[in-house]
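Chain by chain, the residues:
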Amino acid sequence: MRKYAVVIAAGLLLSACGTADSTSPTTPAGAGGMTTVKLQLQWFYQAQFAGYIAAVDKGFYKEQGLDVQLLEGGVDIVPQTVLAQGKADYAVAWVPKALASREQGAGITDVGQIFARSGTYQVAFASSNIKSPADFKGKKVGNWGFGNEFELFAGMTKAGLDPGKDVTLVQQQFDMQALLKKEIDVAQAMSYNEYAQLLEATNPATGKLYQPADFQIIDWKTVGSSMLQDAVWANTEKLKDKAYQDQTVKFLTATIKGWAYCRDHAEECRDLVVAKGSKLGKTHQLWQMNEVNKLIWPSTGGIGLVNEADWTRTVDISMTTKNQTGDTVLKKKPEGQAYTNDYMQKALDAAKAAGVDTTGSSFAPTPVTLTAGGA
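Keep in mind that what you see is a predicted model, and the values were worked out from it rather than measured.

Talk me through the environment of N341; I want residue IDs and the actual numbers.
Within the secondary structure layout, N341 lies in the loop between α13 (308-320) and α14 (342-353). You can call N341 partly exposed: its relative accessible area is 23%. Placed 34 residues apart in sequence, N341 and N307 show a C-alpha to C-alpha distance of 9.3 Å.

Below you can see the structure in the form of structure tokens.
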């Protein structure tokens, strides 16, 4: 348990060690007058990032004069670190992780809160009678670590449990095998990824795929310990420069168009993601596209605006929830320009003027039938 806590801290500390000149106005224009922009993704290519992929492939960024290069993420890549070091112009990262990096010196600002809702679950077999965080007491609780466990600790704390004493924490691989093999009692899962992996697995008792009734979901949104996740982060110092400000508005305008396109063309965006090289199958990616859309749409005020109440809840949880070693995510409230809606609002105005539906008020999820292995 201590081992991965140290890894988390090390990863966050790297964010404060940027070496690039953060005062440079913006990325130089490339061939044809296009401005080259690098976006660091949080994970491997999958529908979690479909809106950015679509904005590249459908030419939405090019319409704004931007040649956007997507940088694939991975286990050992901390997006906010890449951004703080000047190796990317923007990055996609969960808010509490990024705020922890800011507290340690990373000069980054949330300029686009793309996911309005959290997609994190803890999942147990229905037969386990684990129905709430209070039922985790004395159980083996899987989680990924690396800053993905904050909502879990907050949920356990709210239930009166001490994560360091009342449960056995098990560092979980980024799959559901430990739960399926019953090596752990409850597992961490994203609604758009690992939960689907369970429903793509064969139940040995029936010879058919597992069904939702076979599992109990603990949804942190229902518990009240959910935190803001995927956001677009920009370089705080560079936001003082007019050219970077204008570039940010253009980048966000095209990003809005990309996500709106994937809302309205889920299957096509699924195909774009698969063509990008995702190792997950087409059915799995369609499920993921559908579930990711649920985290964005509908968006009453418009996609990407930071909701102050959600931000405050995320900060409060980050300051008050202790992990298994007694540490909190944040020591104090974020200082300086931790987030701004200024650029996203301008982007929303531009997108609406171009005829883009920026609220998705009529959005309805697409029914998805999962197959074995998500093929």
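Tell me what's going on with the sheet that holds strand β4 (residues 108-112), and back it up with residues and numbers.
For sheets, the rule is that strands pair by backbone hydrogen bonds, running either parallel or antiparallel. With respect to topology, five strands assemble into an open sheet ordered β2-β1-β3-β10-β4, the strand pairing being mixed. In the strand order of this sheet, the two ends are held by β2 (66-71) and β4, each with one partner. Geometrically, the sheet is characterised by an average inter-axis angle of 30 degrees between neighbouring strands, direction not taken into account. Bridge analysis of strand β1 (residues 35-40) against β2 gives six bridges, and the strand direction is parallel.

Please give an account of empty space enclosed by the protein that cites residues and values.
Gaps left between atoms show up when a probe the size of a water molecule is rolled over them. In total, this model carries one cavity of 30 Å³ or more according to the counting rule given. By volume, the largest cavity amounts to about 40 Å³. What lines the largest cavity is simply W94, P96, G147, N148, E149, F150, E151, M227, L228 and Q229.

Residue-level account of the packing of helix α10 (residues 242-264) against helix α11 (residues 266-275), with values.
In a packed pair of helices, the relevant descriptors are the angle between the two axes and the axis-to-axis distance. At a closest axis distance of 5 Å, the pairing of α10 and α11 adopts a crossing angle of 115 degrees. On the side of α10, the interface is formed by Y261, C262 and D264, while α11 contributes A266, E268 and C269. Here the contact of α10 with α11 is built from residues that sort into four nonpolar, no polar and two charged.

I'd like a rundown of helix α2 (residues 50-57), residues and numbers included.
It helps to recall that an α-helix has 3.6 residues per turn; residues three or four apart then point in one direction. The element α2 is largely enclosed, with a buried count of six among its eight residues. Turning to α2, its buried residues number three or more, namely A50, G51, Y52, I53, A54 and A55. One or two positions beyond α2, positive phi appears at G59, with a value near 80 degrees.

Provide a residue-level description of the packing of α11 against helix α12 (residues 282-296), including the pertinent values.
Axis separation between α11 and α12 bottoms out at 9 Å; the angle between their running directions is 125 degrees. Taken together, the axes of α11 and α12 lie oblique to each other. Between α11 and α12 the crossing geometry is right-handed. From α11, A266, E267, C269, R270, D271, V273 and V274 reach across to α12, where they touch K282, Q285, L286 and M289. Here the contact of α11 with α12 is built from residues that sort into six nonpolar, one polar and four charged.

Please give an account of the side chain of R263 that cites residues and values.
Within the secondary structure, R263 sits in helix α10. If near-sequence neighbours (up to four positions away) are discounted, R263 is found in contact with N293, W297, D357, G360 and F363.

Here is what the cut-offs are and how they apply
- Residues numbered from 1 in each chain as written.
- Predicted model: local features only at pLDDT ≥ 70, side-chain atom pairs only at ≥ 80, totals over all residues.
- Heavy atoms only, no water.
- Helix = DSSP H or I, 4+ residues; strand = E, 2+ residues; numbered from the N terminus.
- Buried < 20%, exposed > 50% of the residue type's maximum accessible area, 1.4 Å probe, protein only.
- Pairing = 2+ DSSP bridges.
- Axes fitted to C-alpha atoms, helices over the stretch in contact; angles between N-to-C directions.
- 1 Å grid on protein atoms, 1.4 Å probe; cavity = no way out; pocket = protein on both sides within 12 Å on 5 of 7 lines; lining within 4 Å.
- Points joined across faces, edges and corners; volume = space filled by probe spheres on them.
- Contact = heavy atoms within 4.5 Å.
- Nonpolar A, V, L, I, M, F, W, Y, C, P; charged D, E, K, R; others polar.
- Parallel < 35°, antiparallel > 145°, perpendicular 65-115°, else oblique.
- Left-handed = near helix turned anticlockwise from the far one by under 90°.

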